[in-house]
Amino acid sequence: MKSFVNVNPKSLDEAVAVLDRARAQGKKAALAGGGSDLLGMLKDHLVQPDLVVNLKSISGLEGVHREGERVRIGALTTLDEIARHPLLVERYAALAQAAGLAASPQIRNVGTLGGNVNQRPWCHYFRQGFPCFKNGGKMCYAVAGENQFHALFGGGPAFIVHPSDTAPALVALEAEFKVMGPSGAKIIPAEKYFILPREDVLRENVLGENEILAEVILPAAPSGLRSTYLKIRDRQAWDHAIVSIGAALEWEGGRCRKARLVLGGVAPIPWRVPNAERLLEGKSLGEALARQVAEAALAGAQPLAKNGYKVPLAKATVRRAVLSLLPAA
Amino acid sequence: MSISLCVIVNGNEHHLDVAPHHTLLDALREELGLTGTKRGCEVGDCGACTVLLNGKAVNSCLVLAAETEGAEVVTIEGVAGREGLHPLQEAFIREGAVQCGFCTPGMILSALALLRENPRPSDAEVRQALSGNLCRCTGYAKIVQAVLDASDASLVPGFGRPEGLRPSR
């Protein structure tokens, strides 16, 4: 690993100033939350920053805070804390479950919500340093290669899938992200935060070089809201989702008032499926409707040569998730 | 450029000079000679480098040493007491949970973190707590059994107290 200078800012403003100055001087800076993803990238020589900015030196970026009916979660809150937090477990189950299913116990003890949302793709071509689009090259090796784990939706020119477990849950729960930059803070809905490769193949989100994800804000959880995160993977621990779903349904009098279904592991961003959501809204749920919802969610999927198995897998995941959210009788 | 820091390792204060890119694993093995913590995959897959950092099991290969100023670290060298092995270590030996031994320090530290928080875990809770540690010899059954054996509160008088690291017999 190439060495670098450690920077320990005391405030977000100072951290943003460090990033701004680095950019002006033509230096590369990398942000470290828990550092788990960054260290892997450094060891594989995928990034070679001049500066590593340690966000843990900033106080106030951790913790789960109630603010009226909303909940604010500092971007440096660990996945382990989120997975166990009673308020999140009770009211925002999809997020707590997603955090608890991410990576391994050791990584959840260090890894942060911000880092999980912002982690780079785990496409094996990208991580092994192939000169692919994501590494600044001119092709996606998955298109004609080993594409078992690649995208069904939204692919091109790169066919990565977004690796975060918490991201689909946050989009389903209609979270907002507070981003700090040179001109202060801005609030971005989770759904608008992630961008497709066709918008910018080198990034997975709108975060600029001199911006920092500071906080995640969860809106009030209305009574009748039930949510879950289901993750299907090759092994039962420390693996990324082959397919997953963050699902949030609001019930009123036995009927679904509002539905948010967001697939993970199938697209370069958390993939919302509005046509499937609309089928649920205004209806009471049974096995037959759950099947229709699952069909609608996967309509338009464009499998590559080796990932067609994900289509029935994802349908079953959608069906299982929505049926698990039936309101208490 | 090196960075000076003070870390408490196995109860002893150490003043270290580390390079900015050195990991906690590098510091433990190369600076302090604590080679019980194993260098495995280096990317957080195998758990062989697991230590306790402020009481939590972490992969020491994925933590920058420079970011551990003031932290408390427990390695496998700090698990046994002067009086002898920790009940977890005894249980690993008794159950045949050690074969080549490379994963053992990490397994013990992950298990210790679990038992300090949950002294009577279920089989599923043990498996969950060890899910970030790979073993390519034992097939895990004997490791899980060893942790369950050691979790018997009567065997581990110190659990639940801060000094629970040391067996009191």
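The shown structure was predicted, so the numbers you read here are calculated from the model rather than taken from an experiment.

Q: What's the story with the overall build of chain B in this structure? I'm lost.
A: Looking only at helices and strands, chain B has five helices and five strands in total. Each helix and strand of chain B, placed in order from N terminus to C terminus, yields the pattern β-β-α-β-β-β-α-α-α-α. Long-range contacts, defined as pairs at least 24 residues apart, comprise 58% of the intrachain contacts of chain B with a sequence gap of at least 6. In the form shown here, chain B has an accessible surface area of approximately 7300 Å², with 50% of it arising from carbon and sulfur atoms.

Q: Would you mind showing me how to read the interface of chain A and chain B here?
A: Many authors give the size of an interface as the accessible area that is lost as the parts come together. On the chain B side, the residues contacting the 28 residues of chain A number 28 residues. Both faces combined, the contact of chain A with chain B buries some 2100 Å², and carbon together with sulfur accounts for 54% of it. Counting across the chain A and chain B interface gives four salt bridges. Across the pair A:Lys56 and B:Glu67 runs a salt bridge, and its minimum N-O distance is 2.4 Å. At the junction of chain A and chain B, the tally comes to 13 residue pairs in polar contact (both at pLDDT 80 or more). Breaking the side of chain A that touches chain B down by element, the ones donating at least two residues are β1 (5-7), α2 (36-43), β3 (51-54), α3 (79-84) and α6 (105-110) of chain A. It is α6(A) that provides the largest number of residues to the side of chain A that touches chain B, a total of six residues. For the side of chain A that touches chain B, a count of residues per class yields eleven nonpolar, ten polar and seven charged.

Q: Would you mind showing me how to read the packing of helix α2 (residues 87-95) of chain B against helix α5 (residues 141-150) of chain B here?
A: When two helices pack together, their arrangement is given by the angle between the helix axes and the distance between those axes. Residues and elements named next belong to chain B. Contact pair α2 / α5: the axes reach a minimum separation of 8 Å and the direction vectors enclose 135 degrees. Considering their axes alone, α2 and α5 lie oblique with respect to each other. In the packing of α2 onto α5, the handedness of the crossing is right-handed. On the side of α2, the interface is formed by Pro 87, Leu 88, Ala 91, Phe 92, Arg 94 and Glu 95, while α5 contributes Lys 142, Ile 143, Gln 145, Ala 146, Val 147, Asp 149 and Ala 150. A class-by-class count of the residues in the contact of α2 with α5 yields eight nonpolar, one polar and four charged.

Q: Can you walk me through empty space enclosed by the protein in this structure?
A: Vacant regions in the atomic arrangement are exposed by a probe of water-molecule size rolled over the atoms. Applying the stated rule across the entire model yields four cavities of 30 Å³ or more. Roughly 60 Å³ of volume is contained in the largest cavity. Residues belonging to the lining of the largest cavity are distributed by class as follows: twelve nonpolar, no polar and one charged.

Q: Could you clarify how one ought to interpret the sheet that holds strand β3 (residues 50-53) of chain B in this entry?
A: Whenever strands of a sheet pair, they do so through backbone hydrogen bonds, lying parallel or antiparallel. All names here are of chain B. Ordered in space as β2-β1-β5-β3-β4, the five strands form an open sheet in which the pairing is mixed. Each edge of the open sheet carries a strand with a single partner, namely β2 (12-18) and β4 (56-59). The sheet shows a mean angle of 40 degrees between the axes of neighbouring strands, direction not considered. Strand direction decides the pairing type here: strand β1 (residues 3-9) and strand β5 (residues 72-74), joined by two bridges, are parallel. Among the inter-strand pairings, Ile 8 is bridged to a residue of β5, identified as Glu 72.

Q: Just checking my understanding: could you explain the packing of aromatic side chains for this structure?
A: The geometry of an aromatic ring pair is captured by the separation of the ring centres together with the interplanar angle, meaning the angle of the planes. All names here are of chain A. Scanning all chains against the criterion turns up seven aromatic pairs over all chains. When the centroid spacing of 6.2 Å and the interplanar angle of 85 degrees are considered together, the rings of Phe 177 and Phe 194 count as edge-to-face. Here the residue Phe 177 occupies a position in strand β6 (residues 176-181), and Phe 194 occupies one in the loop between α10 (190-193) and β8 (212-218), the gap between them amounting to 17 residues. Judged by relative accessible area, Phe 177 falls into the buried class, the value being 0%. Summarising the aromatic geometry, the rings of Tyr 193 and Phe 194 are spaced 5.2 Å apart at their centres and angled 85 degrees between planes, so their arrangement reads as edge-to-face. What makes Phe 194 buried here is its relative accessible area of 6%.

What counts, and at which threshold
- Residues numbered from 1 in each chain as written.
- Chains lettered and ligands numbered in written order.
- Predicted model: local features only at pLDDT ≥ 70, side-chain atom pairs only at ≥ 80, totals over all residues.
- Heavy atoms only, no water.
- Helix = DSSP H or I, 4+ residues; strand = E, 2+ residues; numbered from the N terminus.
- Contact = heavy atoms within 4.5 Å.
- Areas by Shrake-Rupley, 256 points an atom, 1.4 Å probe, with all protein chains shown as cover.
- Buried area = accessible area lost by both parts, 1.4 Å probe.
- Salt bridge = Lys/Arg side-chain N within 4 Å of Asp/Glu carboxyl O.
- Polar contact = N/O pair within 3.5 Å; in protein donor to acceptor, adjacent residues only side chain to side chain.
- Nonpolar A, V, L, I, M, F, W, Y, C, P; charged D, E, K, R; others polar.
- Axes fitted to C-alpha atoms, helices over the stretch in contact; angles between N-to-C directions.
- Parallel < 35°, antiparallel > 145°, perpendicular 65-115°, else oblique.
- Left-handed = near helix turned anticlockwise from the far one by under 90°.
- 1 Å grid on protein atoms, 1.4 Å probe; cavity = no way out; pocket = protein on both sides within 12 Å on 5 of 7 lines; lining within 4 Å.
- Points joined across faces, edges and corners; volume = space filled by probe spheres on them.
- Pairing = 2+ DSSP bridges.
- Phe/Tyr/Trp six-rings, centres within 6.5 Å; stacked < 30°, edge-to-face > 60°.
- Buried < 20%, exposed > 50% of the residue type's maximum accessible area, 1.4 Å probe, protein only.

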